[in-house]
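# Inside the fold
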Amino acid sequence: MRIALVGVLVLGVAVFILLIELGVNAGLIHHGVSVQGINLGGMTAANAGKLLEKEGDTLKKTLVVFGRDGLPRKLSFEPRTIGWQPRWKRTLRAAMAVGRDQGPFDALVERARAWFGIEVPWAGSPKPEEVDRLLTEWEEIAEASGLTIDRGALRYKIRRVLSYRPRQSLYRVPLTGD
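Please read all numbers here as calculations on a predicted model, not as lab measurements.

All buried positions along helix H4 (residues 104-114) are accounted for by Ala107, Glu110, Arg111 and Ala114. Projection of H4 onto a plane perpendicular to its axis shows the buried side chains occupying an angular sector of 105°, all on one side.

Let us look at the side chain of arginine 167. The residue arginine 167 is located in the loop between helix H6 (151-161) and strand E6 (171-172) in this model. Within the buried core, arginine 167 has no salt-bridge partner, and the shortest N-O distance to an opposite charge, that of glutamate 78, equals 9.0 Å. At a separation of 2.9 Å, a polar atom in the side chain of arginine 167 contacts the main-chain carbonyl oxygen of leucine 59. A polar atom in the side chain of arginine 167 sits 3.3 Å from the backbone oxygen of valine 161.

Turning next to the sheet that holds strand E5 (residues 118-120). The three strands are arranged E2-E1-E5 in an open sheet whose pairing can be described as mixed. With partners counted over all chains shown, the strands left at the sheet margins are strand E2 (38-39) and E5, one partner each. Strand direction decides the pairing type here: strand E1 (residues 33-35) and E2, joined by two bridges, are antiparallel. Across the sheet, the residue bridging to valine 35 is isoleucine 38, located in E2.

We now examine the confidence of the model for the protein. Per-residue pLDDT for the protein averages 86, and the proportion of residues at 70 or more is 89%. Per-element confidence in the protein ranges from a low mean pLDDT of 61 for helix H1 (residues 2-24) to a high of 96 for strand E4 (residues 75-77).

Put simply, helix H5 (residues 128-144) and H6 touch, their axes get as near as 11 Å, and they point 125° apart. It follows that H5 is oblique to H6 by the angle criterion. Crossing geometry of H5 relative to H6 is assigned as right-handed. Residues Pro128, Val131, Asp132, Leu134, Leu135, Thr136, Trp138 and Glu139 of H5 form the contact with H6, whose own contacting residues are Arg151, Leu154, Arg155 and Ile158. Taken together, the residues that form the contact of H5 with H6 break down as seven nonpolar, one polar and four charged.

A word on the nonpolar core. Residues Leu40, Phe66, Phe77, Trp138 and Ile158 are the most contacted members of the largest nonpolar core, which totals 37 residues. Contributing elements (two or more residues each) for this core: E1, helix H2 (45-61), strand E3 (64-67), E4, helix H3 (88-97), E5, H5 and H6. At six residues, H5 tops the list of elements feeding residues into this core. Apart from residues no more than four positions distant in its own chain, leucine 40 is found in contact with Ile29, Val33, Ser34, Val35, Ala48, Leu51, Leu52 and Ala95.

Here is what the cut-offs are and how they apply
Residues numbered from 1 in each chain as written. Predicted model: local features only at pLDDT ≥ 70, side-chain atom pairs only at ≥ 80, totals over all residues. Heavy atoms only, no water. Buried < 20%, exposed > 50% of the residue type's maximum accessible area, 1.4 Å probe, protein only. Helix = DSSP H or I, 4+ residues; strand = E, 2+ residues; numbered from the N terminus. Arc of directions from axis to C-beta. Lys, Arg positive; Asp, Glu negative; His and termini not counted. Salt bridge = Lys/Arg side-chain N within 4 Å of Asp/Glu carboxyl O. Polar contact = N/O pair within 3.5 Å; in protein donor to acceptor, adjacent residues only side chain to side chain. Pairing = 2+ DSSP bridges. pLDDT = per-residue confidence, 0-100. Axes fitted to C-alpha atoms, helices over the stretch in contact; angles between N-to-C directions. Parallel < 35°, antiparallel > 145°, perpendicular 65-115°, else oblique. Left-handed = near helix turned anticlockwise from the far one by under 90°. Contact = heavy atoms within 4.5 Å. Nonpolar A, V, L, I, M, F, W, Y, C, P; charged D, E, K, R; others polar. Core = buried A, V, L, I, M, F, W, Y, C linked by side-chain atoms within 4.5 Å.

So this is what it looks like as C-alpha cells:
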C-alpha cells in the first residue's frame, strides 16, 4: 500500500510539473533556447523576430578578420560580400519549434533539455562561388609570402565563424601541414 501511495504521489508531482512547464512556455519560445548567445527564452515570436532581425543585420555587416604570422597583412571580409544573409525568419521558426515539433515523448525530452540550454544555429549560408573567389584571392596573398592555405579547412572555418556572436577580433588562417 505504501509503495502504491508513493507511486501515485510521484506521478501526481510529475503531472503537476508538466502542466506548469506547458503553461509557462505556452505560445512563447521555450526558456533556455538561444541563438548564438542571444537568449530568446520566454519571448514571443514577434519580439524574438525583431531581435534576431536586428542582430542578423549587425552580423552580416561586422568585419571578419583572419591572420597568421608570415602573412603581409590581415585578411578580412564583410559576410554580406560573400552572400551570407542570416535567415532570421527560419532561425526564429527553429527556435519556436524546440519542444513542439516532435512526437510527445521526444517533445518532453527536448523541453527538459531546454531548461539546461539549447543553442539554435543561425539559418543561412554564404554563396559557394563567392567563398571560392575570396579563397582564391587569399591564396594568392599567402603564396606570395611562401605560405599555402588549407583551402578546405579555411572554407569550413569561414562557414562556422559567420554566425559566431560576439565575433573574435582575429581568426587564425589554417595552413597545409598545420
